[in-house]
Amino acid sequence: MNQDNVAILGGGNLGVAIAEGLLSNGRYEAHNLFITRRNTKTLQGLKEKGLTVTSDNKEVVKLCKWVLLCVQPNQLEDLLNEIKPYLDPERHILISVITGVSIQRMTSIVGDSFPVVRSMPNTAIAIHQSMTCLAFNEKSIEVKESVQEIFDCLGSTLVIEEELMAAATVLCASGIAFFMRFIRAATQGGIQLGFDAEDALKIAVQVSKGASGLLEAHNSHPEQEIDRVTTPRGCTIAGLNEMEHQGFSPAFIKGLVTSYERIQNMKK
Ligand SMILES: NC(=O)c1ccc[n+]([C@@H]2O[C@H](COP(=O)([O-])OP(=O)(O)OC[C@H]3O[C@@H](n4cnc5c(N)ncnc54)[C@H](OP(=O)(O)O)[C@@H]3O)[C@@H](O)[C@H]2O)c1
């Protein structure tokens, strides 16, 4: 078994994005990447790029050390039961991207001794800009660096305790939708101030890239960057204070907390 071989079981939105990201990053060769789904028609593009595309999960598991589980939550149990006879805790590492399924739930099917990783990426994985939170069990922590190396090809990674996975689902995966809504609001405001829709969106997108780029480059806090653009009695502070009077920060935080509470209720 080639130690670099990666199996992606479940070639849907996320599975395909991961495959494309790993290939284009250059860290993995096409012959290292194996992707499955029951109906492989939509994976022809990956096949043409040299990846192994198949419906045969068992054959793929035999060849790959890293086994990424990318199916829907209700499809996981069947998949794990199907590959279980071919899994070996000394040879394989299971990495799940599946929302809401605990490590304990997975080891209850494949065995307590199995190295299992839970990951929470977001849809920006398609452009290698995912924020991926990773949680490990006692066995998988031994290969932490190697797992991070896989997801670092697809953006940034952060290792967290598993109990923070629901919070990661909100801030990291749903976060894409929350930040999109922020950009949409900026665009709508821009149109009201006189820009046409296309220009307003272009400006809002570049400004949000610039804002996050500044935080990264300066390793600074948002308030430090805000101080640089606010002058006493100026237009920026007037706008900021009005946003806060209208409840901007509390509304955003309440949205995150409501989303988190929904996950907790769904678990019950
Ligand atoms: N989208 C996000 O932002 C996001 C973020 C974090 C985590 N997630 C999680 O990622 C997982 C996948 O999401 P997605 O959006 O990629 O879903 P998706 O597009 O529905 O992909 C799931 C894929 O699994 C395949 N599949 C089902 N059973 C299979 C089996 N036994 N063997 C092989 N392939 C099988 C399905 O294809 P066939 O029916 O043809 O087999 C389908 O292509 C979900 O569990 C989700 O919770 C998603």
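None of the values given here were measured: they were computed from a predicted structure.

Rules used in this analysis
Residues numbered from 1 in each chain as written. Predicted model: local features only at pLDDT ≥ 70, side-chain atom pairs only at ≥ 80, totals over all residues. Heavy atoms only, no water. Near = heavy atom within 4 Å. Polar contact = N/O pair within 3.5 Å; in protein donor to acceptor, adjacent residues only side chain to side chain. Areas by Shrake-Rupley, 256 points an atom, 1.4 Å probe, with all protein chains shown as cover. Nonpolar A, V, L, I, M, F, W, Y, C, P; charged D, E, K, R; others polar. Salt bridge = Lys/Arg side-chain N within 4 Å of Asp/Glu carboxyl O. Helix = DSSP H or I, 4+ residues; strand = E, 2+ residues; numbered from the N terminus. Expected span 1.5 Å × (residues − 1). Buried < 20%, exposed > 50% of the residue type's maximum accessible area, 1.4 Å probe, protein only. Contact = heavy atoms within 4.5 Å. Pairing = 2+ DSSP bridges. Axes fitted to C-alpha atoms, helices over the stretch in contact; angles between N-to-C directions. Core = buried A, V, L, I, M, F, W, Y, C linked by side-chain atoms within 4.5 Å.

Participant: Give me the site of the ligand: which residues, what numbers.
Facilitator: For the ligand, the set of nearby residues contains 22 residues, the closest of which are Leu 14, Arg 37, Arg 38, Val 71 and Thr 99. Between the ligand and Val 71 there is a distance of 2.7 Å, counted from an oxygen atom to a backbone nitrogen or oxygen. Burial of the ligand by the protein chains amounts to 83% of its free accessible area of 890 Å². Broken down by class, the residue content of the shell around the ligand amounts to nine nonpolar, 11 polar and two charged.

Participant: Residue-level account of the pattern of salt bridges, with values.
Facilitator: For the structure shown, the criterion picks out seven salt bridges. Salt-bridge contacts for Arg 27 lead to Asp 4; the nearest nitrogen and oxygen are separated by 3.3 Å. Of this pair, Arg 27 sits in the loop between helix H1 (13-25) and strand S2 (33-36) while Asp 4 sits in strand S1 (residues 2-9); the two residues are 23 residues apart in sequence, bridging distant segments of the chain. Residues joined in a network through salt bridges with shared partners are Asp 4, Arg 27 and Glu 149.

Participant: Go over helix H7 (residues 165-192) with me, naming the residues and quoting the values.
Facilitator: Taking 1.5 Å per residue as the helical rise, H7 with its 28 residues ought to reach 40 Å, and the 39 Å between its terminal C-alpha atoms agrees with that figure. Among all positions in H7, only Met 165, Ala 166, Ala 168, Thr 169, Val 170, Cys 172, Gly 175, Ile 183, Thr 187 and Gly 190 are buried. Tucked inside the fold, the buried residues of H7 contact strand S6 (116-120), strand S7 (130-136), helix H8 (197-218) and helix H11 (248-267). Residue Gly 194 follows H7 closely and has a positive phi angle near 125°.

Participant: Outline the sheet that holds S2, supporting the account with residue identities and numerical values.
Facilitator: Taken in spatial order, the eight strands line up as S3-S2-S1-S4-S5-S6-S7-S8 in an open sheet, and their pairing is mixed. The open sheet terminates on both sides in strands that have one partner only, identified here as strand S3 (52-54) and strand S8 (155-159). Within the sheet, the average angular offset between the axes of one strand and its neighbour, ignoring direction, is 25°. Inspection of the sheet shows S1 paired to strand S4 (residues 64-69) by five bridges, in the parallel sense. Its bridge partner being in S4, Asn 2 is matched across the sheet by Cys 64. With respect to the sheet, helix H5 (residues 103-110) is in contact with S4, strand S5 (93-96), S6 and S7, its orientation differing from that of S6 by roughly 145°.

Participant: If you had to explain the nonpolar core to someone new, which residues and values would you point to?
Facilitator: By size, the foremost hydrophobic cluster in this structure holds 31 residues, and its most contacted members are Ile 18, Leu 22, Ile 35, Ile 95 and Val 147. Per-element accounting of this core gives the leading share, five residues, to H1. Once you skip the residues sitting within four places of it in the chain, Val 147 turns out to touch Trp 66, Ile 95, Val 117, Leu 134 and Phe 136. Grouped together as the second largest cluster of nonpolar side chains are 23 residues, Val 67, Val 101, Met 106 and Phe 114 included.

Participant: Please set out the environment of Pro 85 residue by residue, giving values where relevant.
Facilitator: Considering the arrangement of structural elements, one finds Pro 85 in the loop between helix H4 (73-83) and S5. With 81 residues separating them along the chain, Pro 85 and Asp 4 place their C-alpha atoms 22 Å apart.

Participant: I'd like a description of the environment of Ile 263, backed by residues and values.
Facilitator: Tracing the backbone through its elements, the reader meets Ile 263 in helix H11. On the accessibility criterion, Ile 263 (16% relative accessible area) is buried. In sequence terms Ile 263 and Ile 203 are 60 residues apart; their C-alpha atoms lie 34 Å from each other.

Participant: I'd love a proper account of unusual backbone geometry, names of residues and values included.
Facilitator: You will see that His 128, though not glycine, has its phi angle at about 60°, which is positive. Its place among the elements puts His 128 in the loop between S6 and S7. One non-glycine residue, Asn 219, lies in the positive phi region at around 50°. Relative to the assigned elements, Asn 219 resides in the loop between H8 and helix H9 (222-229).

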